[in-house]
Amino acid sequence: MQAYRGVPIITAQPERPTALVAIWPLSHEGSIGEYAELAHVEIDRLLAEGRVPVVAGGTGLYFRAALAELDIPPSAPPEARERWEAAYDADPAAVYTELADRDPEAAAVVHANDRRRVVRALELTDAGFSLRRGESRLWSKQTRHPTRIFGLDVPADVLEARIADRARAMVAAGAVREARRALAGEISTTARQMLGLQELAERGNEALDALIVGTRQFAAYQRKWMRRISGIELIDGDRPPDLVAKEIAARLA
């Protein structure tokens, strides 16, 4: 979501110039295929200049797509996504049952409460693809270039406290105003999935607790996928950034 312009607070965009950050308007229907192509071009450019690209994730699929050549399923037509989103909003249990009937393997790796991925999995069944086949490639060791992957491991209680602090800081910095401005203009179905966007716009400061809970749930999922990455090197992330950077540099020496 950092690829979208106009939402620096909600997406925690870095202050210093960073490749592929704030490159798309909110109206743009971003896709994993488009992102992968842009990431590969940028990585190859940096390598050609004799520099070392640093790729920071991100969801598991986008992170992997930046590093590897994936057989990415086609994007769904907007009307298909809107149809499944409306069906999910009307009856999540029935839609998840539909996914289980159509693609049991995909249903086995997607939580029934994960609206975005349930909808995506059903979009793929419409096109004759399976989310599960894509997931199985996500953790392979193959990358386009020799790659070292480090995971910043933070104790769960520390992470929960950081999430709460960050949510409060976001609201104090103007996240509610940013969310309302984003939804007042043209916005794609992809950008609408931004964590906390809808709640902040509709409920204002009262959305703080929901934002904290939603982010903690997302973080728990992220911790699970991080540990499944083949060859990942976990390091203590509960330290000042300069010490974390020094350890990574020492391991690369």
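About the cut-offs
- Each chain carries its own residue numbering, running from 1 in the direction its sequence is written.
- The model is predicted, so local features are restricted to residues of pLDDT at least 70 and side-chain atom pairs to those at 80 or more, both for listing and for counting; the totals for chains, interfaces and linings are taken over all residues.
- Side-chain numbers here rest on the full set of heavy atoms in the structure, without hydrogens or water.
- A run of H or I in DSSP becomes a helix once it reaches four residues, and a run of E becomes a strand once it reaches two; helices and strands are each numbered from the N terminus.
- Within these notes, the globule rule equals 2.2 Å times the number of residues to the 0.38 power, and the radius of gyration is based on C-alpha atoms.
- Per-residue accessibility, obtained with a 1.4 Å probe over protein chains only, is compared with the maximum for each type, and a residue is labelled buried under 20%, exposed over 50%, and partly exposed between these values.
- Contact definition: two residues touch when any of their heavy atoms are within 4.5 Å.
- As used throughout, the charge tally considers Lys and Arg to be positive and Asp and Glu to be negative, leaving His and the chain termini uncounted.
- Each charge is placed at NZ for Lys, CZ for Arg, CG for Asp and CD for Glu.
- A pair of aromatic rings is counted whenever rings of Phe, Tyr or Trp (Trp by its six-membered ring) have centres within 6.5 Å, and the orientation is called stacked for planes under 30 degrees apart, edge-to-face for over 60 and tilted otherwise.

1. Points about the overall build of the protein
Helix and strand content of the protein: 12 helices and two strands. For the protein, the α and β elements follow one another from N to C terminus as α-α-α-α-α-α-α-β-α-α-α-α-β-α. For 253 residues, the compact-globule estimate of 2.2 N^0.38 gives 18 Å, and the C-alpha radius of gyration of the protein, at 19 Å, lies within 12% of that figure. Seen through its C-alpha atoms, the protein measures out along the principal axes to roughly 55 × 45 × 35 Å. Every one of the 253 residues in the protein was classed for burial, and the buried ones make up 38%. Considering only contacts in the protein between residues 6 or more positions apart, those separated by 24 or more positions represent 64%. If you average the places of the 34 positive and of the 37 negative side-chain charges in the protein, the two averages end up 4 Å apart.

2. Topic: the packing of aromatic side chains
Counted according to the given criterion, the structure contains three aromatic pairs. For the ring pair Tyr35 and Tyr62, a centre distance of 5.1 Å and an interplane angle of 55° mean the geometry is tilted. Of the two residues, Tyr35 sits in helix H1 (residues 32-48) while Tyr62 sits in helix H2 (residues 60-67), which places them 27 residues apart along the sequence. For Tyr62, a relative accessible area of 26% puts it in the partly exposed group. Arranged with centres 6.0 Å apart and planes meeting at 45°, the rings of Phe63 and Trp225 form a pair that is tilted. Taken together, the residues span a long stretch of sequence, with Phe63 in helix H2 and Trp225 in helix H11 (residues 208-227) at a distance of 162 residues.

3. Remarks on the environment of Leu159
Looking at where Leu159 falls in the secondary structure, it is placed in helix H8 (residues 156-173). When its relative accessible area of 22% is taken as the criterion, Leu159 is described as partly exposed. In sequence terms Leu159 and Arg45 are 114 residues apart; their C-alpha atoms lie 35 Å from each other. Non-local contacts of Leu159, meaning those with residues more than four positions away in its chain, are made with Val154, Ala219 and Arg223.

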